[in-house]
Amino acid sequence: MRGTKGKLICTWSPMLHGEGCSTLACGIGIGLQHFSGKKVLIVNKSNSTSHMERYVEKDIEIKYSMDNLKIFNKGIKTEHILTYATHIKKDLYMIAGSRLNRYITGENNEFDKIFLEKCLAGFDIVITDLDTGVRDDNRLYLDQADIILAVVTPNEIIIDELYDDHGVREALGYFTGEKAVAIINKLCDGWDTVGVIGRYKCRYSLSDTFGLNYDGDVLNACCTDRNFYSFLMKETKREKNVFVKQLSEICRFLIGRLCIENNAADKIRRRNIFKKFLRSSIY
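Cut-offs used in this document
- Residues numbered from 1 in each chain as written.
- Predicted model: local features only at pLDDT ≥ 70, side-chain atom pairs only at ≥ 80, totals over all residues.
- Heavy atoms only, no water.
- Buried < 20%, exposed > 50% of the residue type's maximum accessible area, 1.4 Å probe, protein only.
- Helix = DSSP H or I, 4+ residues; strand = E, 2+ residues; numbered from the N terminus.
- Arc of directions from axis to C-beta.
- Contact = heavy atoms within 4.5 Å.
- Pairing = 2+ DSSP bridges.
- Axes fitted to C-alpha atoms, helices over the stretch in contact; angles between N-to-C directions.
- Phe/Tyr/Trp six-rings, centres within 6.5 Å; stacked < 30°, edge-to-face > 60°.
- Lys NZ or Arg CZ within 6 Å of the ring centre and 35° of its normal.

On to helix α6 (residues 136-144), then. Listing the buried residues of α6 in full gives Asn 138, Tyr 141 and Leu 142. Relative to the axis of α6, the buried residues are bounded by an arc of 100 degrees and lie together on one face. Against β1 (7-12), β2 (40-45), α5 (109-122), β5 (125-130), β6 (147-152) and α8 (169-176) lie the buried residues of α6.

Here's what the structure looks like:
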């Protein structure tokens, strides 16, 4: 389709549901498209406990899901994905999660392999919200990811268990691997975020690590008002909401890490150069 292979970013929690992966996947997808101008697809590949697509349903209804695409089985093509992915705005698309058990649909890892290949052929960036832990239906995505956004909350009991329990060694490997970017989510307002992140990096030997403050406005936008897209766009322009500023910082980091041009910054730079040219021309 495009002639180049897209980049895969997975949001994933090594241990628990409810760490904020779905909110992050949705926010990162919206933010990356806004800042880079690239063609972005957000996919809910978690299980039925994730309702990421409902976070934006007052902005736009996400009409089709993974269940629609599973009909094509191993014959799935990029054209099918482009047809069934809901168009949120120019170059931003979303596919809702499956509501059917994989044993009912007959889905297997071969389908996921072809599905992922076709997604990366049709989009510059693919964001997938994955199920918790390491299992057959998410290992492929973790292995092929360019970046894994590994999400935990500041619960050291659970994080210590991740490091101490030999039964979750595979999850620990993905959490601390070179592709991982640790996200310490649901930090409290009033905390010294820089100090907290520094402590976690030191205590758990983490490299690239970011923090996200817990924000009631974000919770309302996702789960009450269900207009997370328009909320993010409004707050990105206002540059006042702490969560949105932190999210924007993560997006800019990812653009740099993936060597993707930051279109927004480039447009500002060109506009400033043009203004200087106008001033010099006048005088």
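If you trace the eight strands from one edge of the open sheet to the other, you get β3-β4-β2-β5-β1-β6-β7-β8, paired in mixed fashion. The outermost strands of the open sheet, each flanked by one partner alone, are β3 (86-89) and β8 (209-213). In this sheet, adjacent strand axes meet at a mean angle of 20 degrees when their direction is disregarded. Alignment of β3 against strand β4 (residues 92-95), held across three bridges, turns out to be antiparallel. Pairing of Thr 86 across the sheet is with Met 94, part of β4. Running over the sheet, α6 touches β1, β2, β5 and β6 and is turned about 130 degrees from β1.

Right, let's talk about the pairing of β4 for a bit. Neither face of β4 is left uncovered, since the one carrying Leu 92 and Met 94 and the one carrying Tyr 93 and Ile 95 both have all their residues buried. Where β2 lies against β4, four bridges are found, and the strand directions are parallel. Pairing of Ile 42 across the sheet is with Met 94, part of β4. Counted along the chain from β3 to the antiparallel partner β4, the turn is two residues long, and its residue Asp 91 has a positive phi close to 70 degrees.

A complete count under the given rule lists ten aromatic pairs for this structure. Relative to Phe 115, the ring of Phe 111 lies with its centre 5.9 Å away and its plane at 15 degrees, an arrangement referred to as stacked. Of this pair, Phe 111 and Phe 115 both sit in helix α5, four residues apart, roughly one helical turn. The exposure classification of Phe 111 matches that of Phe 115, with both residues buried. Relative to Tyr 204, the ring of Tyr 163 has its centre 5.2 Å away and its plane inclined at 40 degrees; by these criteria the two rings are tilted. Linking Tyr 163 in helix α7 (residues 156-164) with Tyr 204 in the loop between α9 (193-203) and β8, this pair joins segments that are 41 residues apart in sequence. Through a chain of ring-to-ring contacts, the aromatic side chains of Tyr 163, Phe 175, Tyr 200 and Tyr 204 assemble into a single cluster. Note that Lys 39 overlies the ring of Phe 123, its terminal NZ or CZ placed 5.5 Å from the centroid.

As far as function goes, none of this settles anything; it's purely spatial.
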